[in-house]
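Structural overview for review
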2 protein chains.
Amino acid sequence: MPVADDGAGPCQAGFACAVWAPRLQSQLWCIFAGMNLYHTDPRRAALWQKHEGRLQEALAAWQRRTYWAAYSEDPKAYPHAEEGLSDFRAQLRHPFDRLRQEGDEWLIADEVSPYTQEPLGIAYPKTTVAEYIRRAQEALGVWRWVPWTERLGLLFESVERMAARFHEIAHATMHTTGQAWMMAFQASGPHAADRAVEALAVAYQEFSHIPAEVDWMRDMGRSQAHVRKYFTPQPEGLSLHIGVSTFPVWNTLPGLYASLAVGSPVILKPHPRAIYPIAIVLAILQEVFEEYGLPPTIVQLAPDTVEKPITKALAEHPLIRLIDYTGSTAFGEYLESLPGKITFLEKAGVNPILIESVEDLEAVAKNIAFSASLYSGQMCTAPQNVYIPREGVRTKDRVFAYDEVRSALEKAIQDLVSHPKAAPAILGALQNEAVGERIEALTQAPGVRKPPTPYTHPEYQQARTLTHVLIELSAPHENLAREEHFGPRLLFIPVASAKEGLQEIYQLAKEKGMLSCAIYTIDENFKQASARLLAEAAVPVSYNYRGSVFINQNAAFSDFHGTGGNPASNASFTDTAFIVKRFRWIELRDCISG
Amino acid sequence: MPVADDGAGPCQAGFACAVWAPRLQSQLWCIFAGMNLYHTDPRRAALWQKHEGRLQEALAAWQRRTYWAAYSEDPKAYPHAEEGLSDFRAQLRHPFDRLRQEGDEWLIADEVSPYTQEPLGIAYPKTTVAEYIRRAQEALGVWRWVPWTERLGLLFESVERMAARFHEIAHATMHTTGQAWMMAFQASGPHAADRAVEALAVAYQEFSHIPAEVDWMRDMGRSQAHVRKYFTPQPEGLSLHIGVSTFPVWNTLPGLYASLAVGSPVILKPHPRAIYPIAIVLAILQEVFEEYGLPPTIVQLAPDTVEKPITKALAEHPLIRLIDYTGSTAFGEYLESLPGKITFLEKAGVNPILIESVEDLEAVAKNIAFSASLYSGQMCTAPQNVYIPREGVRTKDRVFAYDEVRSALEKAIQDLVSHPKAAPAILGALQNEAVGERIEALTQAPGVRKPPTPYTHPEYQQARTLTHVLIELSAPHENLAREEHFGPRLLFIPVASAKEGLQEIYQLAKEKGMLSCAIYTIDENFKQASARLLAEAAVPVSYNYRGSVFINQNAAFSDFHGTGGNPASNASFTDTAFIVKRFRWIELRDCISG
């Protein structure tokens, strides 16, 4: 066995060669042009050519984080208003036959319009959990080996086609969620599409900074080592997406597109009361997949009913690896407890406002009233607990007493909810009866300042409406302040000082979590101290929001939605983690010469 | 309440303003120069200036993935050979007094040289678990608010200073792990330092693509909205790093530097038998922190003994959020089962080789013998199961019978381990007695082709040495083939065909996991099919390794170590996930005008 006995000089090839290796003869062997791992297709590649520039633009915006949108918010920018309305009307009381997936039966959904209180009467194809999984697993074998460039091209194409259906999606959203029409249009249309593009952009960033193939060469002294290395991003497994009734499109698209981008087929289990809006999106995706020679079952709709849920059977299936979910904390914690799952969860939180000092109390009150009223408080970012110092709130000129601050807020809310045009345009309707029942039940609490009452919707006499319950607590530690009361509500919570209020919020963030937090202060030191403290509790704080910007709004490409670091969510739309936790880099190395 | 009744034109400000907002007056309010969230320091900022260029170079290398190293592998490149040896000798039988952390007592470690079999007699300062946590939590309050640029500057500086101690670290590694000197030098020195720089480079990438501060402006028609947004990366919490006895520096530096980079203080619980090498690194880090005005306890050594372990008490502490670990599968699964932890685990695996067809059987046998012999098979990437088709192994000219292939491997191993210079330089010594006992116990199995025997180390008569046990199984399903037998061993496993061998490896990957996998084939179709199949099981495959490249080697900046996608590990050195799972982006928004 030839072994170096001359010391072999400084080692050039790692500890491995120190004594032994330099004498092994290297050969030039079996040079391949490259491993053809992927299913490529020129038409799909052309789609990538078509959309790559736009995706680069989106990624630049995500990195820059100034104002940018892929899709206009203006409904008039989309020339499909009449078509959208007629499609919506034609779909009511008919089977949803646009999906390209077989069903064993038609499931009549629990969808009821919060405006007419009539069932939508739409049926969706349904099969067994085992069959959804079987199809998804089959699709996985194909989809994971479609090059990521082609995947992103196909997915961007589907968003483009979705834009032509924003109007129908808006009507479907309005009549399942209870959102007012403009919110339904924007949240389920351009804002959701922007979030989809954002997920694709971050995936693009992650995939493109590692080469698909590289020649690693190293001079080993007596030989030239040459290893061809291949890096392929492979999905963690199958995805389950569990939809929510209030934002069935906006909350779904980030996770849906993130999973699809990494090559993971998605089984979408919509909320049984809000299927139609997202079914439109899925039909478009399936259409694109089929048109480009791929199994439409890369994404599947798996509807169920409130009475016979299938969510747990899907979530617990061992082949389901990735789970996206928006909903209650209890169910979220159940999902987190399942072994072997990677979860992306948005749960309940308690969103606070702290008023330390203000420039203009009326402007602040109006802004808060608006935020608390949008979609009747059914946004995950809607404020609930308003902490007001008993020692009053300072402006540059004077100090407003506690009562004056509370009264200003009460007046701003009353003005808004009693305005015949503002109320329907902003509050919309309650998604379901339980929301109203829970809010009504709060009137049993002491300290009710204003009971909830329905408002009359000018267009829909049957609309399920309710204005806020306003409650004043006697102390910040009351139980009411430590739970989310989903719906139209605002709690006024006296604190001895702003500092105490800040401590309360910090504790609340640690224990219950929050998706938004507003602080009003004109004191620079208070601003800085509160920013540091709350950032440590992973709270996204909005300071001095007023005018036409609102704490509820988190815009794609600029704002993260959820920090993922407090109990209200374990994920963020859309940071790098939201993408990279879904796939693994697999490296294959081919020794060309040793 | 002023509400739009003129339709207000196309909405410019999101659904929020559709009806209500345009009439709210916007004001220019409380413009701050910016929130000073961070503890900045000009000397630390200068360190960043000093090292930024090098880190950019490292990041470019990580993205390019061709050959690159931050530190030379050649011991002669570091002019501290004599100093390193004398420092090592002076440290033996003395307290390790270089740490800048208080101890309640001096703990005499379980460290015993595998070469002399004498205790090193080094004592380390020790305190209580509660005290480690208290200090780490205190350090967190400072470290998290040091700007990431300054953090990366300090950390790079520590790696630079570590290079001046590579020689001492090499001796310390050799006499705790049993590695041969050259491996000890390279693995604990330049290779580990490269992995540290790599972690810093990926952190640099992640931090730098999101701005620290940005002005978001939007024309709202009647007003100009202006929101200043701050993005701060905040650590998930405190880190615990649990060291391993075989690679106490190489396996530790990636997670250690990743956690420190994101602002998370680290409590390092070394393996009780391999403290000295990593204690040197920690002393350097503490020196740098203190020199630059920071608490040295940003990193702490928390030593224990085999008899009185403290690992579980640390791991279960609610303030420990991030855990890095290399070791047994059983303990790894225990760590994974702890609620509320984010883990980065390298566990046991069973690394296979499949010989389908070859160009040159002798070259293949030599390469495999080397890989199986390096550090007496105590590398996590060492091969164990060699699958050989009963139908033989094809070359271009002929077919080698199963027996011929097995014999070629046996001969190559025998040649290596019986060579008086190769054996000590490559095999080194066994880290501890249990390794030898477990390997000896394998001789009870049927099919032993060669029993393990000690070899004589020319320099250390007392060295704990052992050559391979070689065992031939009768079938691939035997239990022996489904467990890792850590140490000098190789199992010959006959399979009916290469295709059957591939299926075996696929199943093994799913059930037990693997950190390396070698396939020899000159058949392009077999190569492609196996690459796809095994990539789906998240296996990193090396094809046709020979000459002076070895499957055991995973080089920083080019190779990922562990895919994180099979049971042998849930993390990868160093992909993006290895960094981004440790921190969260927190966004603070300050409304300048609404």
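Residues numbered from 1 in each chain as written. Chains lettered and ligands numbered in written order. Predicted model: local features only at pLDDT ≥ 70, side-chain atom pairs only at ≥ 80, totals over all residues. Heavy atoms only, no water.

Our focus in this paragraph is the relation of the copies chain A and chain B. For the pair chain A and chain B, the relating rotation is 180°, the translation along its axis is 0.0 Å, and the fit reaches an RMSD of 0.0 Å. Both copies are brought into coincidence by an operation consistent with a two-fold rotation axis. Using C-alpha coordinates, one finds that chain A approaches the rotation axis most closely at A577(A), a distance of 3.3 Å. Comparing interface residues between copies, 99% of those in chain A also sit at the interface in chain B, which points to an isologous, same-surface contact. (Least-squares fit on C-alpha atoms with pLDDT ≥ 70 in both. Contact = heavy atoms within 4.5 Å.)

With that out of the way, let us pick up the interface of chain A and chain B. The interface of chain A with chain B comprises 125 residues on the first partner and 125 residues on the second. Buried area between chain A and chain B, both sides added, is near 11100 Å², and the carbon and sulfur share of it is 61%. Our count for the contact surface shared by chain A and chain B stands at 12 salt bridges. Close ionic contact of D590(A) with K527(B) constitutes a salt bridge, the shortest N to O distance being 2.7 Å. At the junction of chain A with chain B, the criterion picks out 54 residue pairs in polar contact (both at pLDDT 80 or more). The leading source of residues in the side of chain A that touches chain B is strand β19 (residues 583–593) of chain A, at 10 residues. Taken together, the residues that form the side of chain A that touches chain B break down as 66 nonpolar, 32 polar and 27 charged. With three bridges connecting them, β19(A) and strand β18 (residues 541–543) of chain B associate as parallel partners. Paired with R589(A) across the two strands is S542(B), which belongs to β18(B). (Buried area = accessible area lost by both parts, 1.4 Å probe. Salt bridge = Lys/Arg side-chain N within 4 Å of Asp/Glu carboxyl O. Polar contact = N/O pair within 3.5 Å; in protein donor to acceptor, adjacent residues only side chain to side chain. Helix = DSSP H or I, 4+ residues; strand = E, 2+ residues; numbered from the N terminus. Nonpolar A, V, L, I, M, F, W, Y, C, P; charged D, E, K, R; others polar. Pairing = 2+ DSSP bridges.)

Once that is clear, we can look at the sheet that holds strand β10 (residues 352–355) of chain A. Strands sit in the order β14(A)-β15(A)-β16(A)-β11(A)-β10(A)-β17(A)-β18(A)-β19(B)-β4(B)-β3(B) across an open sheet of 10 strands; the sheet is mixed. Either end of the sheet is taken by a strand with one partner, and the two such strands are β14 (448–450) of chain A together with β3 (213–219) of chain B. Between one strand axis and the next, the sheet turns by 20° as a mean value, whatever way the strands run. (Axes fitted to C-alpha atoms, helices over the stretch in contact; angles between N-to-C directions.)

So, about the packing of helix α1 (residues 42–64) of chain B against helix α4 (residues 148–163) of chain B. Residues and elements named next belong to chain B. Between α1 and α4, whose axes approach to 7 Å, the crossing angle comes to 70°. Classified by the angle between their axes, α1 and α4 sit roughly perpendicular to one another. Residue-level contacts link R44, A45, L47, W48, K50, H51, R54 and L55 of α1 to W148, T149, E150, L152, G153, L154, F156, E157 and E160 of α4. Taken together, the residues that form the contact of α1 with α4 break down as eight nonpolar, three polar and six charged. (Parallel < 35°, antiparallel > 145°, perpendicular 65-115°, else oblique.)

Side-chain pairing between opposite charges can occur once the charged atoms of the two side chains come close. This model, assessed by the stated rule, comprises 78 salt bridges over all chains. Close ionic contact of E138(B) with R134(B) constitutes a salt bridge, the shortest N to O distance being 3.2 Å. In this pair, E138(B) and R134(B) are both assigned in helix α3 (residues 129–143), four residues apart and thus about one turn of the helix distant. Its relative accessible area of 53% is what places E138(B) among the exposed residues. Where salt bridges share partners, they join K50(A), E157(A), R161(A), E287(A) and E291(A) into one cluster. (Buried < 20%, exposed > 50% of the residue type's maximum accessible area, 1.4 Å probe, protein only.)

Our next topic: the confidence of the model for chain A. Here chain A averages 94 in pLDDT, while 94% of its residues score no lower than 70. For this predicted complex, the interface score ipTM comes out at 0.94, while the overall pTM is 0.94. (pLDDT = per-residue confidence, 0-100.)

Quick look at the pairing of strand β2 (residues 123–126) of chain B now. Residue and element names in this part refer to chain B. Neither face of β2 is exposed, since A123 and P125 on one face and Y124 and K126 on the opposite face are all buried. Note that strand β1 (residues 105–108) and β2 share four bridges and pair antiparallel. Bridging across to β2, E105 finds its partner in K126.

With that settled, consider helix α7 (residues 253–261) of chain A. Because an α-helix packs 3.6 residues into every turn, residues spaced three or four apart end up facing the same way. All names here are of chain A. Of all nine residues in α7, nine are buried; the element is thus mostly enclosed. For α7, the set of buried residues is L253, P254, G255, L256, Y257, A258, S259, L260 and A261. G263 sits one or two positions beyond α7 and adopts a positive phi of about 95°.

This brings us to the sheet that holds β18(B). Taking strand neighbours across the sheet as the criterion, the 10 strands line up as β3(A)-β4(A)-β19(A)-β18(B)-β17(B)-β10(B)-β11(B)-β16(B)-β15(B)-β14(B) in an open arrangement whose pairing is mixed. In this open sheet, the two edge strands, each paired with only one partner strand, are β3 (213–219) of chain A together with β14 (448–450) of chain B. Neighbouring strand axes in the sheet, compared pairwise and without regard to direction, differ in orientation by 20° on average. Here four bridges tie strand β15 (residues 469–472) of chain B to strand β16 (residues 489–495) of chain B, and the two strands are oriented parallel to one another. Bridge pairing in β16(B) places E472(B) opposite F492(B).

Aromatic ring pairs are described here by two measures, namely the spacing of the ring centres and the angle between the planes. For the coordinates displayed, the defined rule picks out 54 aromatic pairs over all chains. On the numbers, 5.0 Å between centres and 50° between planes, the contact of F331(A) with Y334(A) is tilted. You can see F331(A) and its partner Y334(A) sitting in helix α10 (residues 329–337), three residues apart, about one turn around the helix. For Y334(A), a relative accessible area of 16% puts it in the buried group. For the ring pair F583(B) and W585(B), a centre distance of 5.6 Å and an interplane angle of 80° mean the geometry is edge-to-face. Each member of the pair, F583(B) as well as W585(B), carries the same accessibility label: buried. Members of the aromatic cluster, connected to one another through ring pairs, are W48(A), W148(A), Y204(A), F207(A), F583(A) and W585(A). A cation sits over an aromatic face here: K312(B) above Y334(B), 4.7 Å from the ring centre. (Phe/Tyr/Trp six-rings, centres within 6.5 Å; stacked < 30°, edge-to-face > 60°. Lys NZ or Arg CZ within 6 Å of the ring centre and 35° of its normal.)

All right, on to the side chain of K450(B) then. Residue and element names in this part refer to chain B. Inspection of the secondary structure assignment puts K450 in strand β14. Here K450 is buried and forms no salt bridge, its nearest opposite-charge partner E440 lying at an N-O distance of 9.7 Å. Looking at K450, its side chain comes within polar contact range of the main-chain oxygen of H468, at 2.6 Å. Residues within four places of K450 in sequence aside, it is in contact with Q414, T467, H468, V469 and L470. (Lys, Arg positive; Asp, Glu negative; His and termini not counted.)

So, about the pairing of strand β10 (residues 352–355) of chain B. Residues and elements named next belong to chain B. In β10, alternate side chains face the same way, and those of P352 and L354 on one face and I353 and I355 on the other are all buried. Sheet topology note: the β10/strand β11 (residues 385–389) ladder contains three bridges and is parallel. In the strand pairing of β11, P352 is matched with N385. Once you follow β10 into helix α12 (residues 361–373) and on to β11, the crossover reads as right-handed. (Right-handed = clockwise from strand over helix to strand, strands pointing away.)

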